Structures are given as C-alpha cells and as structure tokens.
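The lines below spell out each chain.
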Amino acid sequence: MRNKLSTLFTLVLLLSSQVWALAQTIREIEINPANPVAGQSFTVTLKGDFPSACYSLNYINATISAGNYLDLNIQVNQSAGPCAAVVTPFTFTRTFHGGLNTPGFYCLRFFGGLSVNTSDSKCFNVLPPPHYGTICDVSFPTIYCGSTVSGNNNFEPNRLTYYECEYGDRELKSGEKVYRLEVDRYTKVRLDMKILDNVDLDMFLIKEVCKPNQPYYKVKSYDCLAQAKINPVNSKERNIEINLEVGSYLVIIDGETNYDRGRFTLTAECGYRDLCTKAAIVNCGDKLLNQSTITGRNDVWSYTCGTGVFESEGNDRVYKIKLDKPTKLFVEMNILSPGEDLQLTLIKGEVCPDAYREVHSVAAEFCLGRSPESGTTSNRRTILQDLPAGTYYIAVDARMAMTQGELQHFFQL
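We now examine unusual backbone geometry. The step from N32 to P33 runs through a cis peptide bond, and the omega angle for that step is 0 degrees. In this structure, P33 sits in the loop between β1 (26-32) and β2 (42-50). Phi is positive for N68, close to 60 degrees, though the residue is something other than glycine. Locating N68 in the fold gives a position in the loop between β3 (55-65) and β4 (69-78).

Right under this line is the structure:
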C-alpha cells in the first residue's frame, strides 16, 4: 500500500542500532496526541542518554516505508573532545505539521545513529477523520445582502469543536449550520437571526477559512470576527452589526449544547439602513396595504418636533415622497393591530444630504410635525400640511419598544 504524506513534510521514523555500545540510547518515546487523527499535527519527543557531552542530534528528514513504518533519520554528531565520559541526558522534539493523511497503524524506527531496544519501539494509530469532517468539507449555501433564509441545525453534525470569540472559548457541541456571505462592497452588515423553537442558538461571523489542503480547521480568535448579541427585549433574537470589506465570510449557527437544535430564520442586510437609506419610495395617490413594523428595526430613535423630543423606541417604517410642486399633503394611517400606538412624523428631505449619511436622530429644524397623540383608543393617524416642492420623509414609529404592529397608508395631494 502506498501512502501519501502531507505536502508540508515528508515523514519518517525508523529504528536502527548503528553506533554505540550503549544499549539504551533512547529510553522514552512520546507521541502527542497519542493517536492523532489523519491530517492532524502531532509531536514526537525522544528522551535518552548520550555517553558524553560531546554528542548532539540533528534532524535530517523523514520517510515512510512498507509495512507502515515511519522512518526518522536523525544524525548523531560527535564533537572533538575533551568531553567527560559521563552519561548526558537529552530531549529531542519534532512537530510534524499537517500529520499523516492515511489512517492506519504505524510504528517508529530511527536511522542515523540512535540506538534503542526493538521491544521498546513506539507504535500508534492514525485515526480516520470524524465522519462529519469540518465546515470546509461540505458545501453550504451562499447568501448575499438582502437575503432571508429559513433553516435549522437539526441534522447538522458538529464540525467545529470550539470558537475563540468575543466571549472566550466556547465548547459548542451542537451541529453547525453554515452559510457563506458574499459582500461586494465595503459596507455595514447586519445579521438578524430569529429562533423559532425553544432552543438556545448562537451565531458567529468568521473569516473565510476554507482553503486548499486545510480541511481540519478550528476557528481561532483572529479568525472570529463577531459573536451575536442577544436582543434584551426578545431573547429569541440574535444580531450582529459590523463593517466588512469586500470578500467572503462564513456565518455559523450553533447551539450551546448538543440538544440545542432547531429552526431559525436568518436575514443579511447591508448598508446603513437608517432614515436616509431604508425609506421606501411612495407617490401621491398610493394606497399601501399590509404594511408592518413587526420585522423592522429602531433606526431613528428620537424626533425633536414642535411639542418636544419623542423617544421613539419601537421599530421604524420610513417612506420617501417627492413633491414636484407646492401642494397640500395628506397622509392617513390606519392601525390594524389592536392596542398599538403608532405615530406619524413628517421630516424635511434636507436631513439626508447624501445617500450614505447616517441619520438616527432628527433635529428640530428638519422636523415638520407629528400626528396628534390620541392614545390607543383610536386606530387612525393623519398629517395634513401645505408644503413647498421638495423631498420629504414620513416615519412610522412608536414611543415604546414593544409597540409594533400592522398598518395601512394612504398618500394624497
């Protein structure tokens, strides 16, 4: 049988007695780990005795021979004396990066002058890789900015045993669901996961670590870019916000325990998604049905209007309308979710001088007014105002974080 070795090294470990009358030159052989997995790096440590301090070891090379012998060629050097003829202990360590690719039973043998009793030769097993491989051994779906996917980790194997992320080492035992995220421009990225079952799932964003000849990968701290934060209002929601360069990234969904397996939805959004960039364009005469703030976010957190500052903690829904001539704008909102108190705010378009400016707070000079607060007993909100030609934003928001619901709009000249 012909075995392939890792491209990183050529391994040999052979045992032969060539020089020395000393019967036990090597008295101890250690392999760590004792039974490495195929492709896993391992270390060989030799401990022994020289007949004097004039001797030293020099690693030459390593090969593999028939019968699954690992032959290590270590040259024994002897310097010119004078050296005291006393037994001198030595320790020699060699790490073989990338390990052996072929599982099987191997025995060490040495060439080059080291002596050892054949009965003391060290043998070990190279184990087959876990049947599930790693995240790099499987194909996984690709998502892009604007993608929303539904998935679960019910049938996913545990391919990564730990992550060194923001909160330290995590022994995550559940099966990982992995997505490749493609980012085509430098942008702020938000990943939102909603857990649909009674389980505890985590979400991680890591660098693209899947490279040729590197199938046995564990995520280190320098590869882990972020770990999801738990929504303080809804413990079933996780999110990551981060600025990313152009490139590929991996999103990993995993559980705290092996029993934390279940369904989830994952949404990837790019761009600032604030007042200026997330507004939907509307036209006069439009009637918008089935609108909702339930899946939105709190992007615009305060408005300074004529009656004071409103702490709008609920999810926002923003619309953008352009008036070609001076006109009276009428906006009507009917709240369809009983008991929810949503408000309308009319904002000047000058608040957004360009498409890339983040606006999360509207100052008084941009705020034209807010629909009357009639409490939760009424489901109708209106704005009626004479306006010059220009661009305007209409924000739907609530004053409480838990206030969110469905609504309908009517925009009219």
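Moving on: the sheet that holds strand β13 (residues 187-195). Across the sheet, five strands lie side by side as β9-β19-β13-β17-β16; this open sheet has antiparallel pairing. The outermost strands of the open sheet, each flanked by one partner alone, are β9 (148-152) and β16 (229-230). As defined by bridge partners, β13 adjoins strand β19 (residues 263-270) across seven bridges and the pair is classed as antiparallel. Bridging from a neighbouring strand, K194 pairs with T265 of β19.

The next point concerns the state of the cysteines. The full count for this structure, using the stated rule, is four disulfides. Two residues share a disulfide in this structure: C276 and C352, whose sulfurs sit 2.0 Å from each other. Here the disulfide of C276 and C352 is left-handed, its torsion about the S-S bond being about -85 degrees. Pair noted here: C276 is in helix α1 (residues 275-278) and C352 is in the loop between β26 (342-348) and β27 (361-362), with a separation of 76 residues, a long-range link.

With that settled, the discussion passes to the pairing of strand β30 (residues 390-398). Taking burial as the measure, the nine residues of β30 include seven buried ones, the bulk of the element. Here seven bridges tie strand β24 (residues 317-323) to β30, and the two strands are oriented antiparallel to one another. In the sheet register, K322 faces β30, and the bridge partner there is T391. As judged from the seven bridges shared by β26 and β30, these two strands associate in the antiparallel manner. If you follow T345 over to β30, its bridge partner there is A395.

Moving on to the packing of aromatic side chains. A ring pair, where both rings are aromatic, is described by two values, the distance of the centres and the angle of the planes. What the rule picks out here adds up to seven aromatic pairs. Both rings, one in F42 and one in F96, keep their centres 5.6 Å apart while their planes meet at 35 degrees; by these two values the pair is tilted. With F42 in strand β2 and F96 in strand β5 (residues 88-96), this pair connects stretches of sequence that are 54 residues apart. Their ring planes at 65 degrees and their centres at 6.5 Å tell us that Y59 and F96 sit as a pair that is edge-to-face. With a gap of 37 residues between them, Y59 in strand β3 and F96 in strand β5 connect regions that are remote in the sequence. For F96, a relative accessible area of 2% corresponds to the buried category. Each member of the aromatic cluster is reached from another via a ring pair, and the members are F42, Y59, F96, Y106 and F124. Taking NZ or CZ as reference, R94 lies 3.8 Å from the ring centre of Y59, over its face.

In a structure, side chains of opposite charge can pair up when their charged atoms sit close to one another. Enumeration over the complete set of coordinates arrives at 12 salt bridges. Where D386 meets K328, a salt bridge forms, and the shortest distance between an N and an O atom there is 3.2 Å. Placement of D386 in strand β29 (residues 380-387) and of K328 in strand β25 (residues 327-335) is noted, with a sequence separation of 58 residues between them. Residue classification places D386 among the exposed residues on the basis of a relative accessible area of 54%. With a relative accessible area of 39%, K328 lands in the partly exposed category. Linked by salt bridges that have partners in common, R190, D192 and E241 make up one network.

The subject of this paragraph is the sheet that holds β3. Consider a sheet: its strands pair through backbone hydrogen bonds, and that pairing is either parallel or antiparallel. Read from one edge to the other, the open sheet built from four strands follows the order β3-β4-β6-β7, with strand pairing classed as mixed. A strand with exactly one partner marks an edge of an open sheet, and here the two such strands are β3 and β7 (123-126). Taken pair by pair, the neighbouring strands of this sheet meet at an average axis angle of 30 degrees, ignoring direction.

What follows deals with the nonpolar core. Core analysis: the largest hydrophobic core is formed by 25 residues, its most contacted members being L46, I74, L108, F110 and F124. Membership of the second largest hydrophobic core comes to 24 residues, among which are Y179, V199, M203 and I240.

Conventions we followed
Residues numbered from 1 in each chain as written. Predicted model: local features only at pLDDT ≥ 70, side-chain atom pairs only at ≥ 80, totals over all residues. Heavy atoms only, no water. Helix = DSSP H or I, 4+ residues; strand = E, 2+ residues; numbered from the N terminus. Pairing = 2+ DSSP bridges. Disulfide = S-S within 2.5 Å. Buried < 20%, exposed > 50% of the residue type's maximum accessible area, 1.4 Å probe, protein only. Phe/Tyr/Trp six-rings, centres within 6.5 Å; stacked < 30°, edge-to-face > 60°. Lys NZ or Arg CZ within 6 Å of the ring centre and 35° of its normal. Salt bridge = Lys/Arg side-chain N within 4 Å of Asp/Glu carboxyl O. Axes fitted to C-alpha atoms, helices over the stretch in contact; angles between N-to-C directions. Core = buried A, V, L, I, M, F, W, Y, C linked by side-chain atoms within 4.5 Å.

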